[in-house]
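Descriptive analysis of the structure
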Amino acid sequence: MRLTIDRSLTDTHDVDLEAAIGTSLAEVVDGVTSKRAWCGSTLLDPSHQVGTYPLVHGARLRDGPGPHTAALPGWHLAAIAGPDAGALIGVDAPVTVGSAQGPCGIRDDAMDAAHLRVAPTRGGALACRDLASTNGTGWWRRDGERWWWWGFRRRFTAHEGDILSVGNTALQVRRGDGPPGPGLARPALVVGRVRAALPWTPTPAWDGLPDPTTVAAWTGPVTIAGPHAHAAARAVILARGRRPPAPAPFDEDWLRWLPAARASDGQIRCVSSAPGPEQASLDAHATQCRVPGTVDTAPRLPIAVSQHRADAVARRLASTAAVAWPHAVRWADVDRPRTQSRQMVPLSVALGAVCAPRMEPWLVTLDERTPHLLVAGAPRSGASTLLATLVGGLTYHYDPQRLSVVLIGSGTDGPLAPCGGIPHVRVVAPRADGDEAVVALEATAAQARWRREALHASGKSDWRAWEASSQAPARLLVVIDDFDLTAGRSRVAAATLEALANSSVFVGVHVALATHRPAGAITPVLRASCAHTVALQCASESDSLGVIGVTDAAILGDVPGRALAGRPGQREMVQVAQPAAETSPRVHRVGSDVAPALHLADAVATRSRQDSSSAPDRP
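All residue numbers refer to positions counted from 1 along the written sequence of the respective chain. Reporting in this predicted model follows two pLDDT cut-offs: at least 70 for local features of residues, and 80 or more for side-chain atom pairs to be given and counted; totals over whole chains, interfaces and linings ignore these cut-offs and use all residues. Side-chain calculation: all heavy atoms of the structure are included, whereas hydrogens and water are not.

This part takes up the overall build of the protein. Within the protein one finds 15 helices and 31 strands. Its C-alpha atoms give the protein principal-axis dimensions of about 95 × 55 × 50 Å. Accessible area is worked out with a 1.4 Å probe on protein chains only. A residue is then buried under 20% of its type maximum, exposed over 50%, and partly exposed in between. Looking at the protein residue by residue over its 619 residues, the buried ones come to 53%. Contact criterion: two residues are considered in contact whenever any of their non-hydrogen atoms come within 4.5 Å of each other. The contacts of the protein with a sequence gap of at least 6 include a subset with a gap of at least 24, amounting to 62%. Residue burial considers only the protein chains on display, and all accessible areas are found by Shrake-Rupley using a 1.4 Å probe. Accessible surface, the protein: about 27400 Å² in total, of which carbon and sulfur atoms supply 51%. Positive residues here are Lys and Arg, negative ones are Asp and Glu, while His and the chain termini are left out of the count. In this description, the location of a charge corresponds to atom NZ of lysine, CZ of arginine, CG of aspartate or CD of glutamate. Taken together, the 61 basic and 58 acidic charged side chains of the protein have centroids lying 5 Å from each other. Where helices and strands are cited, they refer to DSSP runs of H or I of at least four residues and of E of at least two residues respectively, numbered from the N terminus.

Written as structure tokens, this is what we have:
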């Protein structure tokens, strides 16, 4: 998870860190600061762990209370409009809301320093008391599809979804990490009294404005005019929940916490002079806003978000939009020691981490029921890296007497190339579209035929029984990167590949295939034969559908190694591990160089030499 140590702790500048889930705060700040750290309104204990609220993705650590960078789980007030829109005020205990500096302070000149006292009640509401303020405290409540104005009150009880009018700020009562659902119904008798008391219902002063605390609409083109256009543009961007498309109205650091714009997102423009009503979407001034082109163009509350407040809101969005799974996982991070036995057990290897709260290892087991693996993804999505981790992980735990490997399409400088030096590897064909690849494939098919005949001659009922007798040959793993190039060399090669994957009798041969061009390469026979399927970022929805059965792999994002993994009856999001035999650093500074880890292939070779392991004759 990415965290920021504020300059108030370092005395120089902000420091961005990547920290693993479960890392203690003491480890995070070690060597950076010796001061006690706050996150939002919480003073953190040195033993507080990363991933535990509020020390989550996007957290900013400070030397004192500050804006909340994580969604509040309990009662709180959200400033949905006003000169300091985006502020959150927690109300787990009685608080005083006003313009005075502090965790409950809102920059609003129309608000008294101590304007309003708010406290939670036993009945699941908030007791509100105006502190004899200059401008009073108004109260709005929603009934069905309409907002009803209750006027200015000295004392009242507000429920979830109600909005308090405090100075030039609208504060919505919320509970949990999101806005209340639409159309919250209230007792008809109470609403009836309000209707009877007021001959008219005023238009809510925040109506039609972008709410920076909730990802909602504002996806089309937006033109913002007026002297406070930039401050209002921040509200629009946060309400959209994504970075604006190029050209952006400004370049500010907090934008990095938001995902990239979608193709359907319109451009956001800021202009100083007011265009015509048909051109402007929002006219922003210090004390009011107007929404031209709507039925009601009456003045609204000001809508302004400062850079300081936008940073906190963007971090909250980042922490709640999705769990911030690590962008880089090493094999050593997810590997688990296993017990070797004389009897060959199903080949099992950790290929990465499951994107779930506990980040469990993603294990792939190759046996007679699920013998083969199919991987597809766009170029540079991580397919070759996955194959390298597969080969390195298996050969690390299974010696050459139990596992042999054939590498086709390994290349000379890619992620799979170092695996060519592993003692388990019997055949290496660097080019998937070369003659060596076809020869290796045909030799492997001949080996599979010999195994079937030998199994029949052994008198054993199946491969597992033959293997238990210690008379069976080693398992054979055939790894083909860019297999579409090999299959495209000839019809014989394509048929041979399908025959290997679709053998009716399991003879200890496993096939792992990868391609960057799944369309046309993945035949129905191959798709049906490979129980394990992995879809990395795909170039199109049709590619994703052909690999994993859903279109989701087309929108995985630009994180190399992020994938959807499928097996019979299950589909899960995973992060593919890099073929590294050393664990990742628990904490490292963003942008700093991390010492390169020992490649799994080198670790296997070293281990084999230490064990004086000798390779058997080639099958």
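Next comes the rest of the description.
Take the nonpolar core next. Nonpolar core, defined: a set of buried Ala, Val, Leu, Ile, Met, Phe, Trp, Tyr and Cys residues in which side-chain atoms within 4.5 Å join the residues together. Membership of the largest hydrophobic core comes to 46 residues, with the highest contact counts inside it found for W362 and V479. Considering each element in turn, this core owes the most residues, seven residues, to helix α7 (residues 383-397). Every residue in contact with W362, bar those within four places of it in the chain, is listed here: V349, A350, L351, G352, A353, V354, L386, V534, A565, E572, V574 and V576.

Let us now look at the sheet that holds strand β7 (residues 88-90). Either a parallel or an antiparallel arrangement is found when strands of a sheet pair, and the pairing is made through backbone hydrogen bonds. Note on pairing: DSSP must find at least two bridges between two strands before they are called paired. Ordered by their spatial adjacency, six strands build an open sheet running β7-β6-β15-β14-β11-β12, and the pairing between neighbours is antiparallel. Strands with a single pairing partner mark the edges of an open sheet, and in this sheet they are β7 and β12 (146-152). Each neighbouring strand pair of the sheet contributes to a mean axis angle of 25°, computed without reference to strand direction. Examined bridge by bridge, strand β11 (residues 137-143) and β12 share five bridges and lie antiparallel to one another. From the neighbouring strand, D143 faces β12, where its bridge partner is R146. Orientation is described by axes fitted as lines to C-alpha atoms, over the contacting stretch for helices, and by angles from 0 to 180 degrees between their N-to-C directions.

On to the packing of aromatic side chains. Think of it this way: a Phe, Tyr or Trp ring, Trp meaning its six-membered ring, pairs with another when their centres are within 6.5 Å, and the plane angle makes it stacked under 30 degrees, edge-to-face over 60, tilted otherwise. The final tally for this structure, using the stated rule, is nine aromatic pairs. Ring geometry for W463 against F506: centres 6.3 Å apart, planes inclined by 75°, an arrangement best described as edge-to-face. Note that W463 is positioned in helix α9 (residues 463-468) and F506 in the loop between α11 (491-501) and β27 (509-515), a separation of 43 residues in sequence. This pair shows no difference in class: W463 is buried, exactly as F506 is. The rings of W140, W147, W149, F152 and W206 are connected pair by pair, giving a single aromatic cluster. The criterion is that NZ of a Lys, or CZ of an Arg, lies within 6 Å of the ring centre and within 35 degrees of the ring normal, and then a charge sits over that ring. A cation over a ring is seen here: R146 above W148, with NZ or CZ 4.6 Å from the ring centre.

The subject of this paragraph is the sheet that holds strand β17 (residues 268-271). Strand order across the open sheet formed by four strands is β17-β16-β18-β19, with mixed pairing between neighbours. Only two strands of the sheet have a single partner each, and these edge strands are β17 and β19 (289-290). Where strand β18 (residues 282-284) lies against β19, two bridges are found, and the strand directions are antiparallel. Looking at the pairing, D283 lines up with R290 of β19.

Let us look at the environment of A158. Checked against the element boundaries, A158 lands in strand β13 (residues 155-158). Sequence-wise, A158 and T515 are 357 residues apart; in three dimensions their C-alpha atoms are separated by 59 Å. Those residues in contact with A158 that sit more than four places away from it in its chain are A125, L126, C128, W139, L164 and V173.

Turning next to the packing of helix α8 (residues 435-458) against α11. At a minimum axis separation of 10 Å, α8 and α11 run at an interaxial angle of 40°. Both α8 and α11 take part in a crossing whose hand is left-handed. Judged by residue contacts, L441, E442, T444, A445 and A448 of α8 engage V492, A493, T496, L497 and L500 from α11. With the far helix as reference, a near helix turned anticlockwise by less than a right angle produces a left-handed crossing, and one turned clockwise produces a right-handed crossing.

What follows deals with the pairing of β27. Looking along a regular strand, one sees side chains alternate from face to face of the sheet. Extensive coverage of β27 is indicated by the burial of seven of its seven residues. Of the two faces of β27, the one lined by V509, V511, L513 and T515 and the one lined by H510, A512 and A514 are each fully buried. Sheet analysis places strand β23 (residues 373-376) next to β27, joined by four bridges and oriented parallel. Within the sheet, the bridge partner assigned to A376 lies in β27 and is T515.

So, about the pattern of salt bridges. Salt bridge criterion: a side-chain nitrogen from Lys or Arg within 4 Å of a carboxyl oxygen from Asp or Glu. Scanning the model with the defined rule gives 25 salt bridges in all. Of the charged contacts, one joins E18 and R2 as a salt bridge, the two residues approaching to 3.0 Å between their closest N and O atoms. Placement of E18 in strand β2 (residues 15-19) and of R2 in strand β1 (residues 2-5) is noted, with a sequence separation of 16 residues between them. On the basis of relative accessibility, which here comes to 22%, the residue E18 falls in the partly exposed class. Judged by relative accessible area, R2 falls into the partly exposed class, the value being 26%. A salt bridge links R431 to D433, with the nearest nitrogen and oxygen atoms 3.1 Å apart. Among the residues examined, D433 registers a relative accessible area of 28% and is labelled partly exposed. In the salt-bridge network here, residues are joined through shared partners; they are D6, R7, D14, R60, D311 and R315.

In the predicted model, the protein carries a mean pLDDT of 87, and 91% of its residues have values of at least 70. The predictor attaches a confidence to each residue, and that confidence, scored 0 to 100, is pLDDT. Across residues 182-199, where pLDDT falls below 50, the model places 24 contacts with residues more than four positions away in sequence or in other chains. In the predicted structure, residues 613-619 sits below a pLDDT of 50 and forms 14 contacts with residues beyond four places in sequence or in another chain.

This part is about the side chain of S133. Relative to the helices and strands, S133 resides in the loop between β10 (126-130) and β11. A polar atom in the side chain of S133 sits 3.1 Å from the side chain of H115. N or O atoms within 3.5 Å of each other form a polar contact, as long as, within protein, one can give a hydrogen and the other can take it, and as long as residues adjacent in sequence are counted only when both atoms are side-chain atoms.

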